[in-house]
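This is what each chain is made of:
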There are 2 protein chains.
Amino acid sequence: MKLIEQNSNFAMASVGKFSNLEGKHFVKDLLQTTSMEVSITSLAPGEKSLYHQHRQNEELFIIVAGIGLMLLDGEYYKIEEGSLIRVAPSIGRGLENNGVEPLKFICIQAKVNSLEGYTLTDGNLVKQ
Amino acid sequence: MKLIEQNSNFAMASVGKFSNLEGKHFVKDLLQTTSMEVSITSLAPGEKSLYHQHRQNEELFIIVAGIGLMLLDGEYYKIEEGSLIRVAPSIGRGLENNGVEPLKFICIQAKVNSLEGYTLTDGNLVKQ
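Residues numbered from 1 in each chain as written. Chains lettered and ligands numbered in written order. Predicted model: local features only at pLDDT ≥ 70, side-chain atom pairs only at ≥ 80, totals over all residues. Heavy atoms only, no water.

Concerning the sheet that holds strand 4 (residues 37–43) of chain B
Next, step 1: Taken in spatial order, the seven strands line up as 1(A)-2(A)-9(B)-6(B)-11(B)-4(B)-3(B) in an open sheet, and their pairing is antiparallel. In the strand order of this sheet, the two ends are held by strand 1 (2–6) of chain A together with strand 3 (23–26) of chain B, each with one partner. Across the sheet, the mean angle separating the axes of adjacent strands is 15° when strand polarity is ignored.
Next, step 2: In this sheet, strand 11 (residues 103–111) of chain B lies alongside strand 4 of chain B in antiparallel orientation, the contact comprising seven bridges. Note that in strand 11 of chain B the partner of B:Glu37 across the bridge is B:Gln109. (Pairing = 2+ DSSP bridges. Helix = DSSP H or I, 4+ residues; strand = E, 2+ residues; numbered from the N terminus. Axes fitted to C-alpha atoms, helices over the stretch in contact; angles between N-to-C directions.)

What follows is the structure, given as structure tokens:
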């Protein structure tokens, strides 16, 4: 992942085409996010992510390519491109690629119950 | 977007294949996230998103398909599949599809400075 542009108001990077994605890439340190950590991962066929839990952070997984299994609190669920999974902090979660193509996903972690306003209650239109 | 599975610890939905994505889909109400709002959007060629700012929420945009322009604080920047853009709450931001294919992106908003621990300082491995 490479940094492209950065100033006090925004930062831009690139992870390249998803079809070429390999390994795991973390966003926070490079883009200096302060509300979330985000990772972008490709698991090869047969590969598993670490089964883990969190203290304070909720996670949202977005599957962008492939098929696989998600282990949630000891039970397996089928996942595939387009699956979105919100996981509470304290339960175990892990992903496994049981397909023949890479399993690619985005994982966002942010502090549970931290969101106040959102969309129309936090945003407002400005003149372009 | 349809809900697939839900209990007190997690919720799972599907937005379908990204190649078939149309319009804008919000995650929070369906999956009951409490740390973030997430939207998944497809802009047709020539289409623009609303130019807006936020009060408290940082946003991260992840471009998953297509090319376009991002207007940030009055200046245009090229974006494409794999671009990641972190935007501070108070500046204007908007996207525009100036390509010939749909521009598809994920936008995450969460409260600026709300993240405490993350990854290894918030997570721990559990036995599978």
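Here we look at the packing of aromatic side chains
Next, step 1: Within the structure shown, the criterion is met by four aromatic pairs over all chains.
Next, step 2: Judged by centre distance (6.1 Å) and plane angle (50°), the ring pair of A:Phe61 and A:Phe105 falls under tilted. One end of the pair, A:Phe61, is in strand 6 (residues 57–65); the other, A:Phe105, is in strand 11 (residues 103–111), with 44 residues separating them in the sequence. Here the two residues A:Phe61 and A:Phe105 agree in accessibility, since each one is buried.
Next, step 3: With 5.0 Å between their ring centres and 65° between their planes, A:Tyr77 and B:Phe10 make a pair best called edge-to-face. (Phe/Tyr/Trp six-rings, centres within 6.5 Å; stacked < 30°, edge-to-face > 60°. Buried < 20%, exposed > 50% of the residue type's maximum accessible area, 1.4 Å probe, protein only.)

Comments concerning unusual backbone geometry
Residues and elements named next belong to chain A.
Next, step 1: The backbone of Asn-113 sits at a positive phi, close to 65°, despite the residue not being glycine.
Next, step 2: Considering the arrangement of structural elements, one finds Asn-113 in the loop between strand 11 and strand 12 (123–125).
Next, step 3: When its relative accessible area of 58% is taken as the criterion, Asn-113 is described as exposed.

Points about the relation of the copies chain A and chain B
Next, step 1: Between chain A and chain B, the superposition needs a rotation of 180° and an axial shift of 0.0 Å, giving an RMSD of 0.0 Å. The two molecules are tied by a two-fold rotation axis, judged by turn and shift. The C-alpha atom lying nearest the rotation axis in chain A is that of A:Ser114; the distance is 3.3 Å.
Next, step 2: A shared interface surface links the copies, since 100% of the contact residues of chain A are contact residues in chain B too. (Least-squares fit on C-alpha atoms with pLDDT ≥ 70 in both. Contact = heavy atoms within 4.5 Å.)

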